[in-house]
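# Observations on the model geometry
Residue strings, one per chain:
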Amino acid sequence: MTPLLEVRDLRVTFPGTGNEVSPVDGVTFSIDAGETLALVGESGSGKTLTSLALVRLVPLPGRIAAGSSIRFGGTDLLALGPGALRQVRGRRIGMVFQDPMTSLNPVLTVGDQISETIRAHFPVSRAEARGRSEALLLEVGLGDTAGRYDTYPHQLSGGMRQRVMLAIALAAEPELLVADEPTSALDVTIQAQILALLDQLKSSRRMSVLLISHNLGVVAGRSDRVAVMYAGRIVEEAPTDRLFAAPAHPYTQGLLASLPRLRGPRRPLKAIPGMVPRPEAWPPGCRFHPRCAQVMPQCTSEPPIVAPGEGRWSRCWLGAEGA
Amino acid sequence: MPEPLLEVTNLAKHYPARGVFRRQPAVRAVDGVSFHVERGETLALVGESGSGKSSLARTILRLEEATGGVVRFEGQDVLGLDPRPLRALRRRMQIVFQDPSGALNPRMTVGDAVAEGIEIHRLLPTAEIPARVSGLLQEVGLTPEMAAVYPHELSGGQRQRVGIARALAVGPSFLVLDEPVSALDVSVQAQVLNLLLDLQRTRGLAYLFIAHDLAVVRQVAHRVAVLYLGQIVESGPTEEVLTHPRHPYTQALIASAPEPDPTVPVARLVLPGEPPDPSRPPSGCRFNPRCGHPARDARCLEESPPLRPLGPSTVACHHASMEAAEGVR
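Every chain is numbered on its own, with residues counted from 1 as its sequence reads. Following the order in which they are written, the chains are lettered starting with A and the ligands numbered starting with 1. Side-chain atom pairs in this predicted model are given and counted only at pLDDT of 80 or more, local residue features only at pLDDT of at least 70, and totals for whole chains, interfaces and linings cover all residues.

### Considering the overall build of chain B
Selection rule: Put simply, DSSP marks the helices as runs of H or I at least four residues long and the strands as runs of E at least two long, and each gets a number from the N terminus on. For the exposure call, what matters is how many other C-beta atoms sit within 10 Å of a residue's own: 20 or more marks it buried, 12 or fewer exposed, and in between partly exposed, using C-beta atoms placed from the backbone. Contact between two residues is assigned when their C-beta atoms, built from the backbone, lie within 7 Å.
Each helix and strand in chain B was counted, giving eleven helices and twelve strands. Taking the principal axes of the C-alpha coordinates as reference, chain B spans close to 70 × 50 × 50 Å. Burial status across chain B gives 47% buried among its 329 residues. Taking the contacts inside chain B whose residues are at least 6 apart along the sequence as the reference set, 65% of them involve residues at least 24 apart.

In structure tokens, the structure reads:
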């Protein structure tokens, strides 16, 4: 079966002071229909830029480098002209971001913004679009008050605005939802509500989801697979339960050991020393090696991809032949 | 029994009505809060936005003036102090903010930022200040050479270390830590939490640790107090509150916290609705519109529940009991 989304060797470059820098540097992953892939990483890992590249929204002066490939439902997205791209972006691929206030138009009612999206993608009358919008508001849990259609974004709380963003993303009936830190700006009880809603929509609409988060707790219970990004690359990918039970890459191991937990015995946190390097200062070979507890002499050269089966792989000299 | 380091009694902070015609009622951000902090101890204040946790911290330090109540610190009546003794007191109680970049002057070097408090309080002869600054930077895990750099050249974690060094420079016994690791990446968050634990041990510091992340709180706090709409709804020893939460709100907070473990079932208890407007708190128990307690009744709508002891904890709920605690499993 062809995956719904297939990303190969994605590289996003920006002109630097000397050489070009590539904050996304050779990212490869795929998502099947109905599947949820979590893309996890700290700030500067390149996870958000990866998601923007999927819909060709890389901010200038950045660009997607030659040799990158993004195929969606068999179509080469990088070869599409503006008109054809619009048939995919916002239509077959929906998006929600961390801060809904910057994505919503402050002078349009939330209902009109949903209707506008519907009418941009489907040939329906105003009345029909309004009807569909009201149904969407109900679906995202905003249907309890009459007149919700006519409220403005500033009249809503952060959690409600994120529900509106979901309604707008769903208005075009996408096959893939890209959710970039959808709950990071919300309080924990509101986060739980939005995540529950996301879970429910995912199964009722059988969408694929690319869930991008820095929070391993958010992805743990709601993804089929997890890809861990560090310094512009995926360093490990595995089925979610395998990744948490037996992380293979020392960075993933370090992240899990540094997390405070609510359950289980209380233990001292093992911090990862140092910090995430900037793209202009990425070390040679494995980019994690200066911070790695298991560093070896060969780590300064390009690490091999080790795939022990079970649908998992990692980019590390550990476990490589002859290491 | 000796007096606690910090004792807060019935503290209130109300913000006046907004708008030209003052049609909005006053916001009761902090509304009758009492607690204490012992020397060398960490008390965590947990709450979501609008719970009043940051107003509470600022009021204790007199960065804002209280509306009512008493704050005693090292035997002094903080709220009644005149400016001069208040300045002296500020040496003993310091604050570290969430966003270290907002708290540092971008045009001041790290060294000058750390030295500022020492100079203001005239704690050392000028010639001895650079050596002290070097020592402080090393104590927080930075190198003495960093004294010469500007905040924008530092990472978020390093800036937070500078914020801590700055607070330590004047020799406090008590630090308010206002979401000190919330803006940091996880790998760096652990570094800063470990640093705070080390400093508490070596310097005997007491912390008021303001946070929304219960897993972080579990790592650092001896006791925890949960705030909802300007009032404490539950407090007690950290492990007790986390394993046997008695208040329905505490139970919901624990159930909502995403756990990095796929074997833990998700969202067992999702709290409906959002916290109400603090200028119009619900009558009776402030939590009642969102409460899912099976025994919720007319009394909850009419009568504000007082804090009462329940085992090792203190709980403000009419129906809380020693049984039926859904906590960390």
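On we go.
### Observations regarding the sheet that holds strand E12 (residues 305–309) of chain A
Residues and elements named next belong to chain A. Put simply, the rule reads: By this definition, two strands are paired if DSSP reports at least two bridges between them. Angles shown run from 0 to 180 degrees and are taken between the N-to-C directions of axes, each axis being a line fitted to C-alpha atoms and, for helices, limited to the stretch in contact.
Across the sheet, which stays open at both edges, the eight strands sit in the order E7-E8-E9-E3-E10-E11-E13-E12 with mixed pairing between neighbours. Each of the sheet's edge strands pairs with one partner strand only, and the pair in question is strand E7 (93–96) and E12. Mean inter-strand twist for the sheet, computed between neighbouring axes without regard to direction, equals 20°. Pairing of E12 with strand E13 (residues 312–315), which is carried by three bridges, proceeds in the antiparallel orientation. Among the inter-strand pairings, Gly309 is bridged to a residue of E13, identified as Arg312. Its contacts with the sheet place helix H6 (residues 158–171) against E7 and strand E8 (176–180), and it is angled at close to 170° to E7.

### Quick word on the interface of chain A and chain B
Accessible area lost upon the coming together of the parts is a frequently used measure of interface size. Our working definition: Note on residue classes: Ala, Val, Leu, Ile, Met, Phe, Trp, Tyr, Cys and Pro are nonpolar, Asp, Glu, Lys and Arg are charged, and everything else, Gly too, is polar.
Of the residues lining the interface, 40 residues belong to chain A; the matching set on chain B comes to 37 residues. Looking at the side of chain A that touches chain B, the elements that each hand over two or more residues are helix H7 (188–205), helix H8 (216–220), helix H9 (240–245) and helix H10 (250–258) of chain A. By residue number, the principal contributor to the side of chain A that touches chain B is H7 of chain A, which donates eight residues. Considering only residue class, the side of chain A that touches chain B consists of 19 nonpolar, 13 polar and eight charged.

### Points about the packing of helix H6 (residues 156–168) of chain B against helix H7 (residues 186–203) of chain B
Pairs of packed helices are described in terms of their axes, by the angle between the two and the distance that separates them. Residue and element names in this part refer to chain B. Put simply, the rule reads: Here the angle decides the label: under 35 degrees means roughly parallel, over 145 means roughly antiparallel, 65 to 115 means roughly perpendicular, and every other value means oblique. Left-handed is the label given to a crossing in which the near helix is rotated counterclockwise from the far helix by less than a right angle, and right-handed is the label when the rotation is clockwise.
Between H6 and H7, the least distance of the axes is 10 Å, while the angle of their chain directions is 15°. Classed by the angle they form, the pair H6 and H7 counts as roughly parallel. By crossing handedness, the relation of H6 to H7 is classed as right-handed. Contacts from Gly156, Gly157, Gln160, Arg161 and Ile164 in H6 reach Val188, Gln191, Val192 and Leu195 in H7. The class makeup of the residues in the contact of H6 with H7 is four nonpolar, four polar and one charged.

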